Amino acid sequence: MFRIEYRTQRLSLRFFMVMLVLFFFQTALGLLLSAQHLDPTLLAGTLNFNVIRTQHLNLAIFWVLCGFIGTILFVGPLLSKRELASPWLIKFLFYALLAVVVWNLATQMLAQQGIAGWWMGQPLLQEGLEYLEAGRIADVVILIGFAILCYVVLRTFPPVSQWNEIHWGLGLGVLALTLVWIFGMFFVERLDLQEYFRWYVVHYWVEGVWEVIHISLVGFLLVLLFKADVKSVGYAVFWGISLVWLSGLIGNAHHYFWIGTPEFWQFWGSLFSALEPLPLIFCFWHIYLDAHQDGKPIPNMPAFAFLLGSVVLEQVGAGILGFTMTFALTNVWSHGTWVTASHAHLALFGTFGMLGLAAAYYAVPIMRGVTNFDQRPGKLAFWLVFTGMLGLGFAFAIGGTVQVFVYRTLGLDWFGGDIGPAMLFSKALVPLFGLVFAAGVCLIVYDLLTLGLREPSAAAGAAEAPAPAGWGRHLTGWETGIWLLGMWVFGAIITLGLLSFNLRTVQEGNALIPYVMGGTGYPGLLLVTLFFVRRFLRSLEARGHARAAPPVSAATAPAGA
């Protein structure tokens, strides 16, 4: 498909463009945070660390939501075989989103002055709850925005009797997206009850609602990229969503371990949270099956690379690293440390961020009428952000392991200057890998913003495909299973390393076991992930080897579409 089929699909373009701008500024704030870790006095009193961190996190949520909305608006007409309902509401949603972003960035600065804007027991401007920092005014506008999206999607879809599994996934997803937000719109003085409802929103959003939307959109993008059978993909979407909600609804309890809730949550939270990787394994396996169903060259490799990265980092960041911290006996050490930051960065950017970028690389060339674009910048950008994020995950994980031992086992004072020097190596790695990641972000932003507007390269699509041998040979299901098993083996080593903090020898000051296991498990997991994605993409690129023979222009034109 080289042109849009429905006029209202173009409304998604503005959301993708805003996504890119917010992504750029969020990355810039991340680099500033990494510099402040090395020098805590940097901009102190002007842009405090806690405020910049809040802005960094909020921008991440906003640009991911922009990617979701853009993707839903682009695929909605294709799913429904008709134009989007109420285009004027979509335009209103766009400007409301811009207003909320600007308002939120401005009001978060008030946290440095301790201004929340209390009125009738509600913080109107900002409320300081992590992930839910927006004040009540912004909360109301956000709720209206979600309601608009829900209305547009449900009105665009055909009658319920004609829905397939992807319709159900997106329909339930946007409805739940709206309803769950309501639980974050009231203030509770009791800290434990406040935390209960905060995690109710955050967890069910990320590990419930967003996952359902993610699985549905991944499924339909596979249909578009590989002409996969809708019924087969729908079957995978159904079981993926079922497993997400089966494990995730009670799995939310792993956030209740240490906030003053009853102790029974430690058992049930550990049990059901351990099941949460199951739908991720299911999704991981299905992308292999769909990508290898026909053996044809992939016409849009950047789009598929980011889609593959989304599913793989979902498996690694959300699945494996989430699993390692999900038990009460490991979570007691890891929560609130850099170990959690490793999981969060890989899971949030990998799962949801890369999906938006994949959709943008698929949709933007179509909406701009580009039939043959230079895919090299997109592929290079993918490897920069993918490698950079894996490096950031490694830095956070190693730093977190040191942090757990020095801070929680030895009990050294955070403000006494003992922990910072112990974590210095990891703190230095963060800006290093951050710069690699930022280079990829800049390339993505430039490539997508100017795609179709700049002169096409003479070498677009002319790169020779690798020979189907070595790393380019056919990737079998058995080999894929071995790669996946290798990831989980290193995940098990990481889990045992966190459990070892409960040993008496470790608590008496001997860090050998957790350091060896962490130093083996984390780099092993991330390197296996890097090499597997390289192996997967190389095998798909090799499909065009026969077609790459002279004459080059005739043979490779489809691959540049």
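Residues numbered from 1 in each chain as written. Predicted model: local features only at pLDDT ≥ 70, side-chain atom pairs only at ≥ 80, totals over all residues. Heavy atoms only, no water.

Engineer: What should I look at first to understand the overall build of the chain in this one?
Structural biologist: For the chain, the helix and strand inventory stands at 19 helices and two strands. Rg of the C-alpha trace for the chain: 23 Å, near the compact-globule value of 24 Å for 561 residues, within the 12% margin. Based on the C-alpha atoms only, the size of the chain along its principal axes is roughly 70 × 55 × 45 Å. With the model as given, the accessible surface of the chain reaches about 22600 Å², and the carbon-plus-sulfur share is 70%. (Helix = DSSP H or I, 4+ residues; strand = E, 2+ residues; numbered from the N terminus. Rg over C-alpha atoms; globule rule 2.2 N^0.38 Å. Areas by Shrake-Rupley, 256 points an atom, 1.4 Å probe, with all protein chains shown as cover.)

Engineer: Any chance you could explain the nonpolar core here in plain terms?
Structural biologist: In a soluble, globular protein the nonpolar side chains are often hidden away together inside. Membership of the largest hydrophobic core comes to 171 residues, with the highest contact counts inside it found for W210, F304 and I444. Among the elements that make up this core, the one with the highest residue count is helix α6 (residues 191-226) (19 residues). Those residues in contact with F304, other than ones at most four positions away along the chain, are L225, F226, I287, A291, I298, F536, L537 and L540. (Core = buried A, V, L, I, M, F, W, Y, C linked by side-chain atoms within 4.5 Å. Buried < 20%, exposed > 50% of the residue type's maximum accessible area, 1.4 Å probe, protein only. Contact = heavy atoms within 4.5 Å.)

Engineer: Explanation requested: a nonpolar patch on the surface in the structure shown.
Structural biologist: Residues L249, I250, F264, F267, W268 and L271 make up a contiguous nonpolar surface patch of about 580 Å² in total accessible area. Only α7 (230-251) and α8 (264-273) provide two or more residues apiece to the nonpolar patch. Examining the composition of the nonpolar patch, we find that four residues originate from one element, α8, more than from any other. With respect to the element layout, L249 can be found in helix α7. (Patch = residues over 30% accessible without salt bridge, like charges linked within 9 Å, V, L, I, M, F, W, Y side chains within 5 Å. Salt bridge = Lys/Arg side-chain N within 4 Å of Asp/Glu carboxyl O.)

Engineer: I tried to follow the state of the cysteines on my own but got confused; where do I start?
Structural biologist: The term disulfide refers to a covalent linkage connecting the sulfur atoms of a pair of cysteines. The tally for this structure, following the rule as stated, stands at zero disulfides. Left unpaired, C66 is separated from the closest cysteine sulfur, that of C150, by 18 Å. Here C442 is not disulfide-linked; the sulfur of C66 is the nearest cysteine sulfur, at 19 Å. (Disulfide = S-S within 2.5 Å.)

Engineer: How should the packing of aromatic side chains be read in this particular structure?
Structural biologist: Each aromatic ring pair is characterised by the separation of its centres together with the angle its planes make. Throughout the structure, instances matching the rule amount to 50 aromatic pairs. Both rings, one in F15 and one in F94, keep their centres 5.4 Å apart while their planes meet at 85°; by these two values the pair is edge-to-face. With F15 in helix α1 (residues 11-38) and F94 in helix α3 (residues 87-108), this pair connects stretches of sequence that are 79 residues apart. Connected via pairs of aromatic rings, a cluster forms that spans F183, F186, Y196, F197, Y200, Y204, Y256, F264 and W265. Seen from the ring of F94, R14 lies directly overhead, with NZ or CZ sitting 5.6 Å from the centre. (Phe/Tyr/Trp six-rings, centres within 6.5 Å; stacked < 30°, edge-to-face > 60°. Lys NZ or Arg CZ within 6 Å of the ring centre and 35° of its normal.)

Engineer: Just to check I follow, could you spell out the side chain of Q126 for this structure?
Structural biologist: Along the chain, Q126 falls in the loop between β2 (122-123) and α4 (136-156). A distance of 2.9 Å separates the side chain of Q126 from the backbone oxygen of I115, its partner in a polar contact. Reaching out from Q126, the side chain makes a polar contact with the backbone nitrogen of G128 at a distance of 3.3 Å. When sequence neighbours within four positions are dropped, the list of residues in contact with Q126 reads T107, Q108, L110, A111, I115, A116, E133, A134 and G135. (Polar contact = N/O pair within 3.5 Å; in protein donor to acceptor, adjacent residues only side chain to side chain.)

Engineer: Any chance you could explain the environment of V212 here in plain terms?
Structural biologist: Structurally, the position occupied by V212 is in helix α6. Measuring from C-alpha to C-alpha, the distance between V212 and W168 comes to 9.7 Å, with 44 residues separating the pair along the chain. Ignoring any residue separated from it by four or fewer positions in sequence, one finds V212 in contact with G169, G173, I241, V244 and W245.

Engineer: Help me out: how do you make sense of helix α12 (residues 338-367) in this one?
Structural biologist: The first and last C-alpha atoms of α12 sit 41 Å apart over 30 residues, in line with the 44 Å expected at 1.5 Å per residue. Along α12, the sharpest change in direction is near 30° and occurs at G353. Most of α12 sits inside the fold, with 26 of its 30 residues counted as buried. (Expected span 1.5 Å × (residues − 1). Bend = angle between axes of the 7 residues up to and from the residue.)

Engineer: When you look at the environment of F197 in this model, what are you seeing that I'm missing?
Structural biologist: For F197, the position within the fold is in helix α6. Each C-alpha atom of the pair F197 and F186 lies 9.3 Å from the other, and the pair is eleven residues apart in sequence.

Engineer: In this structure, what is going on with helix α13 (residues 376-409)? I would like to understand it.
Structural biologist: Note on helix geometry: an α-helix contains 3.6 residues per turn, so any two residues three or four positions apart are oriented the same way. The terminal C-alpha atoms of α13 lie 48 Å apart, and with 34 residues this matches the ideal 50 Å at 1.5 Å per residue to within 8%. In terms of residue burial, α13 counts as a mostly covered element, since 26 of its 34 residues are buried. Looking one or two residues beyond α13, the residue adopting positive phi is G411, at roughly 70°.

Engineer: Would you mind showing me how to read the pattern of salt bridges here?
Structural biologist: Any two side chains of opposite charge can pair if their charged atoms end up close together. Applying the stated criterion across every chain, the model contains nine salt bridges. A salt bridge links R136 to D139; its shortest N-O distance comes to 2.5 Å. In this pair, R136 and D139 both sit in helix α4, three residues apart, roughly one turn of the helix. Each member of the salt-bridge network shares a partner with another, and the members are E127, R136 and D139.

Engineer: Sorry if this is basic, but what is going on with the packing of helix α5 (residues 165-181) against α7 here?
Structural biologist: Between two packed helices, what matters for the description is the angle formed by their axes and the separation of those axes. Direction vectors running N to C along α5 and α7 enclose 35°, while the axes themselves pass 8 Å from each other. Across the interface between the two elements, E165, I166, G169 and L172 of α5 pack against V233, G234, Y235, V237, F238, I241 and W245 of α7. Of the residues belonging to the contact of α5 with α7, the class tally is eight nonpolar, two polar and one charged. (Axes fitted to C-alpha atoms, helices over the stretch in contact; angles between N-to-C directions. Nonpolar A, V, L, I, M, F, W, Y, C, P; charged D, E, K, R; others polar.)

Engineer: It is not clear to me how unusual backbone geometry should be interpreted in this structure. Could you clarify?
Structural biologist: A negative phi holds for most residues other than glycine; trans holds for most peptide bonds. Non-glycine residue L43 carries a positive phi angle of around 60°. Tracing the backbone shows L43 in the loop between α1 and α2 (49-80). What makes L43 partly exposed here is its relative accessible area of 35%. In this structure, K81 is a non-glycine residue whose phi angle is positive, near 60°. With respect to the helices, strands and loops of the structure, K81 is situated in the loop between α2 and α3.

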